[in-house]
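# Structural features, examined
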Amino acid sequence: MPDLLTCDRHQIELSLAPIPLSAAAEFCHDDRYGAFASFVGWVRRVNVGRLVTGITYQSFQPLCRTVLTEICQEAEQVFGQELRIYVQHRLGETRVGDPTVLIGVGAIHRDEACEACRYVIEELKHRAPIWKLEHYEDGDSGWVPGNCLCQERRSRDRRGSTGPE
Amino acid sequence: MTTTITLICFGGLAALSPEGQPMPLELDLPATAADLKVAIARACDLMPDSALAQLLQKSAIGSETRIYIDSDLIPASLSHLALLPPVSGG
């Protein structure tokens, strides 16, 4: 299955290769748009007091593409059909400082660009079937606790909520 | 009716399937996602208080197109499913 899922309005990519940060702006550029908002997540050096050397990302890719597509469609429903949305998530091994997720939203006005970008990253963190195995300087590794999918379906009503990270 | 399901385990639950291989499992139908998790715990001889059993409790079941929460019935037509522990993307 290809790692790229794209249509006119959104592009979703799960990649073992490094994320090119210019990709979101290039996909989202449109002469109709006056605004572009983006979010980049990096591997940070310290997590919960432990020195981190890197993160290995794993995903159930078919379902992940489905979930990310749903999130993009929800963002369009909430913030406007005129959006263009780019989502790329890194898989495999990463090191401190590497970009791990890139979200970009192009829109006519800044409000919907910023709000849709925030919506997509928050929903991705809560719903996308992606897991991270964190590696520490002392040689230990551990799966990072996350958000439970098993008890209720997250709805659009929760947009704007923020997590601990 | 009993069916055989092939399970792929992700994240911290990868420890349930040696060397990351898909895990076959017999399941009595009809079954909810919660029933499936009970069957997995039984098949893997998990102690109720173990870390893996607790992680299994917090996990959902997935197909390639949707997530099944505890109360959802697993369709009899599905033969390949995924065990989805709490997610931590981003």
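This section reports on the structure supplied with the text. (Residues numbered from 1 in each chain as written. Chains lettered and ligands numbered in written order. Predicted model: local features only at pLDDT ≥ 70, side-chain atom pairs only at ≥ 80, totals over all residues. Heavy atoms only, no water.)

## A closer look at the packing of helix α2 (residues 61-79) of chain A against helix α3 (residues 110-127) of chain A
All names here are of chain A. The geometry of α2 relative to α3 is characterised by a closest axis approach of 10 Å and an angle of 150° between their N-to-C directions. Classed by the angle they form, the pair α2 and α3 counts as roughly antiparallel. Relative to α3, α2 is oriented so that their crossing is right-handed. Along the contact surface, α2 presents Val67, Leu68, Glu70, Ile71, Glu74, Ala75 and Phe79, while α3 presents Glu112, Glu115, Ala116, Tyr119, Val120, Glu123, Leu124 and Arg127. Residue composition of the contact of α2 with α3, by class: nine nonpolar, no polar and six charged. (Axes fitted to C-alpha atoms, helices over the stretch in contact; angles between N-to-C directions. Helix = DSSP H or I, 4+ residues; strand = E, 2+ residues; numbered from the N terminus. Parallel < 35°, antiparallel > 145°, perpendicular 65-115°, else oblique. Left-handed = near helix turned anticlockwise from the far one by under 90°. Contact = heavy atoms within 4.5 Å. Nonpolar A, V, L, I, M, F, W, Y, C, P; charged D, E, K, R; others polar.)

## Side note on unusual backbone geometry
For the bond from B:Leu29 to B:Pro30, the omega torsion is 0°, close enough to zero to count as cis. When you line up the elements, B:Pro30 lands in the loop between β2 (23-28) and α1 (33-43). In the Ramachandran plot, A:Val48 falls in the positive-phi region, its phi being about 50° despite a non-glycine side chain. As for its position among the elements, A:Val48 is in the loop between β4 (46-47) and β5 (50-59). For A:Val48, a relative accessible area of 76% translates into the label exposed. (Buried < 20%, exposed > 50% of the residue type's maximum accessible area, 1.4 Å probe, protein only.)

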